[in-house]
Amino acid sequence: MAVIKGKPVADSITAAIREKTEELKNNGIVPLLTIVRVGERGDDIAYERAALKRMEMCGIAVSKVELPADITQADFEKELVAANESDCDGILLFMPLPDQLDESRIRKTISPEKDVDGVNPVNSAKLYEGDKTGFVPCTAQAVIEMIEHYGIETEGKKAVVLGRSLVIGRPVSIMLTDKNATVTVCHSRTKEIENVTAAADIVVAAMGRSKIVKADWIKKGAALFDVGINVDEDGNMTGDIDFESCEQKAGYITPVPAGVGGVTTSVLAKQVLKACMLRHGIQEVL
Ligand code: NAP
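Structure report, in brief. (Residues numbered from 1 in each chain as written. Predicted model: local features only at pLDDT ≥ 70, side-chain atom pairs only at ≥ 80, totals over all residues. Heavy atoms only, no water.)

## Regarding the packing of aromatic side chains
Just so we agree on the cut-off: Each Phe, Tyr or Trp ring, with Trp reduced to its six-membered ring, pairs with another whose centre is within 6.5 Å; inter-plane angles below 30 degrees give stacked pairs, above 60 give edge-to-face pairs, and intermediate values give tilted ones. Two limits define a charge over a ring: the Lys NZ or Arg CZ must be within 6 Å of the ring centre, and within 35 degrees of the ring normal.
Throughout the structure, instances matching the rule amount to 1 aromatic pair. A cation over a ring is seen here: Lys274 above Phe135, with NZ or CZ 5.2 Å from the ring centre.

Okay, structure coming up:
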């Protein structure tokens, strides 16, 4: 059994980005990320802090647009269009947005070329088609970065993805299919889910259900990727996988915290760099 952590993966991605941004700087180009935050939600602020730190480590500049929680749809769209038309390379929007905002419309308003968290349907279509000029949701890609960094075989393997959201479950299932795994997607209506997971070589858990994946759900030696973030009454963070019960039986297991979540901001940085390079007509894609 090996506990596989996110930090070595994030460090290695960061070092590669840093090298590229130094090169770009010598040509007078500094990639710029614009963060658009509505209101003051604690998890948005925590992610923003982590993103700011990562961008600095990567040599990427950041500008922030902070908007009131009661902003109207029209005003929000104006701000987003202004960000689209500004000199930034990438735009990060925190979701979910407050109820008065039409998220589906907003996803379509963000310029696909600056959509570094892959929320615009144009980028979902590019993922679907295998068009590498697109942008994918950062957390979904973080799972793939973990798999690649730790050399986990996917070809011909049975993979089960728990969750079918647009940000994680669906994109991860396409990405794993592209890596030649045979993928099954489970959701809240799946019957006998533990029998499905028990046949899997790879399990990606993204349900937001604390510790529901137990040892008897998994096959001995399986690789387990826990994307879930759940916070209990005492403020402790847990994943969707019961780490204590699965640790000995799994071949690989990611902890929560310090697992997949720790890779997300470095994927974000990678996509800002990619957007910058594409915008400047630099063909080489990371
Ligand atoms: P979401 O939109 O709520 O989707 C959850 C999915 O899990 C849905 O497809 C749901 O099924 C399924 N599900 C819920 N309960 C289930 C159960 N008992 N059995 C099987 N499937 C079940 O959540 P999300 O945005 O994808 O996020 C998932 C988790 O990842 C959350 O804990 C979130 O906090 C975390 N997250 C982590 C990061 C990171 O950086 N690590 C980033 C974003 C999110 P239905 O479709 O049938 O409802």
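## Observations regarding the pattern of salt bridges
Put simply, the rule is: By definition here, a salt bridge exists when the distance from a side-chain nitrogen of Lys or Arg to a carboxyl oxygen of Asp or Glu is within 4 Å. Runs of E in the DSSP output that reach at least two residues are strands. Runs of H or I that reach at least four are helices, and both are numbered from the N terminus. Exposure categories follow from relative accessible area, calculated using a 1.4 Å probe and restricted to protein chains: below 20% of the type maximum is buried, above 50% is exposed, and the middle band is partly exposed.
Under the definition given, this model contains 19 salt bridges. Across the salt bridge formed by Asp87 and Arg279, the nearest N and O atoms sit 3.3 Å from each other. Here Asp87, found in the loop between helix 3 (73–85) and strand 4 (90–93), pairs with Arg279, found in helix 10 (residues 264–279); they are 192 residues apart in sequence, far enough to count as distant. When its relative accessible area of 58% is taken as the criterion, Asp87 is described as exposed. According to the relative accessible area criterion, Arg279 is partly exposed, its value standing at 38%.

## What about the sheet that holds strand 1 (residues 2–3)?
Filter applied, for reference: Two strands form a pair only when DSSP identifies at least two bridges running between them.
Judged by pairing direction, the sheet is parallel, and its 6 strands sit side by side in the order 1-11-8-7-5-6 without closing on themselves. The open sheet has two edge strands, strand 1 and strand 6 (182–186), and neither has a second partner. As judged from the 4 bridges shared by strand 5 (residues 158–162) and strand 7 (residues 202–205), these two strands associate in the parallel manner. By the bridge assignment for strand 7, Ala159 is matched with Ile202.

## Observations regarding a positive patch on the surface
To keep it simple, the criterion reads: Patches in this entry comprise residues that are over 30% relatively accessible and not in a salt bridge; like charges within 9 Å are linked, as are nonpolar side chains (Val, Leu, Ile, Met, Phe, Trp, Tyr) within 5 Å. For every accessible area listed, the method is Shrake-Rupley and the probe measures 1.4 Å; residues are considered covered only by the protein chains on display. When charges are tallied, Lys and Arg are placed among the positive residues and Asp and Glu among the negative ones, while His and the ends of the chain are skipped. By convention, charge coordinates are those of NZ in Lys, CZ in Arg, CG in Asp, or CD in Glu.
Together, Arg164, Arg170, Arg189 and Lys191 make up a positively charged patch on the protein surface. Looking at the element boundaries, Arg170 is found in helix 7 (residues 169–178). For Arg170, a relative accessible area of 46% gives the class partly exposed.

## Quick look at the sheet that holds strand 2 (residues 32–38)
Threshold: Where helices are involved, their axes are fitted lines through C-alpha atoms of the stretch in contact, as for all axes, and angles between N-to-C directions lie from 0 to 180°. Contacts: residue pairs with any heavy atoms within 4.5 Å of one another.
The strand order 3-2-4 describes an open sheet built from 3 strands, whose pairing is parallel. A single partner strand is all that each edge strand has here, and the edge strands are strand 3 (61–67) and strand 4. Strand-to-strand twist in this sheet, taken as the mean axis angle between neighbours without regard to direction, amounts to 20 degrees. Direction of pairing for strand 2 relative to strand 3: parallel, over a ladder of 7 bridges. Bridge pairing links Val36 to Val65 in strand 3. Contacting strand 2, strand 3 and strand 4, helix 2 (residues 42–58) crosses the sheet at an angle of about 170 degrees to strand 2. Of the strands in this sheet, strand 2, strand 3 and strand 4 are in contact with helix 3, which crosses strand 4 at around 155 degrees.

## Some points on the packing of helix 1 (residues 7–26) against helix 10
For the record, the criterion: For classification, angles of less than 35 degrees are called roughly parallel, those exceeding 145 degrees roughly antiparallel, those between 65 and 115 degrees roughly perpendicular, and all remaining angles oblique. In a left-handed crossing the near helix is turned counterclockwise from the far helix by less than a right angle, and in a right-handed crossing that turn is clockwise. For this classification, the nonpolar set comprises Ala, Val, Leu, Ile, Met, Phe, Trp, Tyr, Cys and Pro, the charged set comprises Asp, Glu, Lys and Arg, and every other residue, Gly included, is treated as polar.
Taken N-terminus to C-terminus, the directions of helix 1 and helix 10 make an angle of 25 degrees; their axes are 9 Å apart at the nearest point. In terms of their interaxial angle, helix 1 and helix 10 are classed as roughly parallel. Remark: the crossing between helix 1 and helix 10 carries left-handed chirality. Here Ala10, Ile13, Thr14, Ile17, Lys20, Thr21 and Leu24 of helix 1 come into contact with helix 10, specifically with Ser266, Ala269, Lys270, Leu273, Cys276 and Met277. The class makeup of the residues in the contact of helix 1 with helix 10 is 8 nonpolar, 3 polar and 2 charged.

## Notes on the site of the ligand
Filter applied, for reference: Residues are labelled near a given molecule or strand when at least one of their non-hydrogen atoms is within 4 Å of it. Think of a polar contact as two N or O atoms within 3.5 Å of one another; within protein, one of them needs to be a possible hydrogen donor and the other a possible acceptor, and neighboring residues in sequence only count if both atoms come from side chains.
Residues in contact with the ligand amount to 19 residues; listed here are only the nearest, Arg164, Ser165, Ser188, Gly208 and Ile229. Between the ligand and Arg209, the relevant distance is 3.1 Å, taken from a nitrogen atom to a side-chain nitrogen or oxygen of the residue. Val227 has a polar backbone atom sitting 3.4 Å from an oxygen atom of the ligand. Within the complex, the protein chains bury 68% of what would otherwise be the 920 Å² of accessible surface of the ligand.

## Here we look at unusual backbone geometry
In terms of backbone geometry, most residues other than glycine have negative phi values and most peptide bonds are trans. Along the chain, Met95 connects to Pro96 via a cis peptide bond; the corresponding omega equals 5 degrees. On the secondary structure map, Pro96 appears in the loop between strand 4 and helix 4 (103–109). Following Val256, the chain continues to Pro257 via a peptide bond in cis, the omega torsion being -5 degrees. Despite not being glycine, Glu192 has its phi angle at roughly 45 degrees, a positive value. Position of Glu192 relative to the elements: it lies in the loop between strand 6 and helix 8 (193–197). With relative accessibility at 55%, the residue Glu192 sits in the exposed group.

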